[in-house]
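Architecture at a glance
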Amino acid sequence: MAFSHFTLMVTIFFAFLVGGFAQLSPTFYDETCPNLTSIVRGVIEDALLTDARITGSLIRLHFHDCFVIGCDASILLDNTATIESEKEAAPNNNSARGYNVVDNIKSAVENVCPGLVSCADILAIAAEQSVCLSGGPSWAVPLGRRDSLIANRTLANEALPGFLETLDQLKSKFSDQNLDTTDLVALSGETLTLSFSLSLSLSLSPSFN
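Here the structure is a predicted model, which means the values were calculated and not measured. (Residues numbered from 1 in each chain as written. Predicted model: local features only at pLDDT ≥ 70, side-chain atom pairs only at ≥ 80, totals over all residues. Heavy atoms only, no water.)

The next point concerns the overall build of the protein. Scanning the protein for helices and strands turns up eight helices and zero strands. Moving toward the C terminus, one meets the helices and strands of the protein in the order α-α-α-α-α-α-α-α. Here the protein, with 209 residues, has 48% of them falling under the buried criterion. Here the analysis covers contacts within the protein between residues at least 6 apart in sequence; of these, 73% occur between residues at least 24 apart. (Helix = DSSP H or I, 4+ residues; strand = E, 2+ residues; numbered from the N terminus. Buried < 20%, exposed > 50% of the residue type's maximum accessible area, 1.4 Å probe, protein only. Contact = heavy atoms within 4.5 Å.)

Turning next to the side chain of S74. Inspection of the secondary structure puts S74 in the loop between α3 (54-66) and α4 (99-112). Take S74: its relative accessible area is 0%, and that puts it in the buried class.

Quick look at unusual backbone geometry now. Of note, the phi angle at A73 is positive, near 65 degrees, even though the residue is not glycine. By the secondary structure assignment, A73 is in the loop between α3 and α4. Even without being a glycine, N94 presents a positive backbone phi close to 55 degrees. Inspection of the secondary structure puts N94 in the loop between α3 and α4. Assessed through its relative accessible area of 80%, N94 is described here as exposed.

This is the structure in structure tokens:
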């Protein structure tokens, strides 16, 4: 697998998808939660023991979060009297996964650094650590995002790429986000390939039961 595509994915996220980039900083939690990245990594490592696909799924969660409203964790919001969850949008429903691992990360972080770290930042760190744990590069994650109080299922249905869409339709959706065909391959192709290759590797592994 060409992990250079992950490097491109990093550029995409931080050059465009991350709102308010100039106000974010990799050192945002250095004083208040210095072990944040290692906490996130530890939970993902534990999840990998029973779910070989989880790294690809966490990358995809961050991708789908950023495509709707911005990288603000709106994809994590459940249905309420005033919220139509993005989880039930067609590109996410019965497809996006890893929410339980994000919940576990949030709980682990709250145990050490209560009330400090946003879910949006957790998703961003989880995506970066998932790339690292899959053999890809590391990078300094800009932090300091605020969590959204609203979701937008309509926009999720309209903006997110779907499995059954043609190449022209996919290119159009990425173009609407000022992203090109190379970006499409990096974000869509690599997350799908990672999930498939890890699942295939697990299925072909010899059983010792």
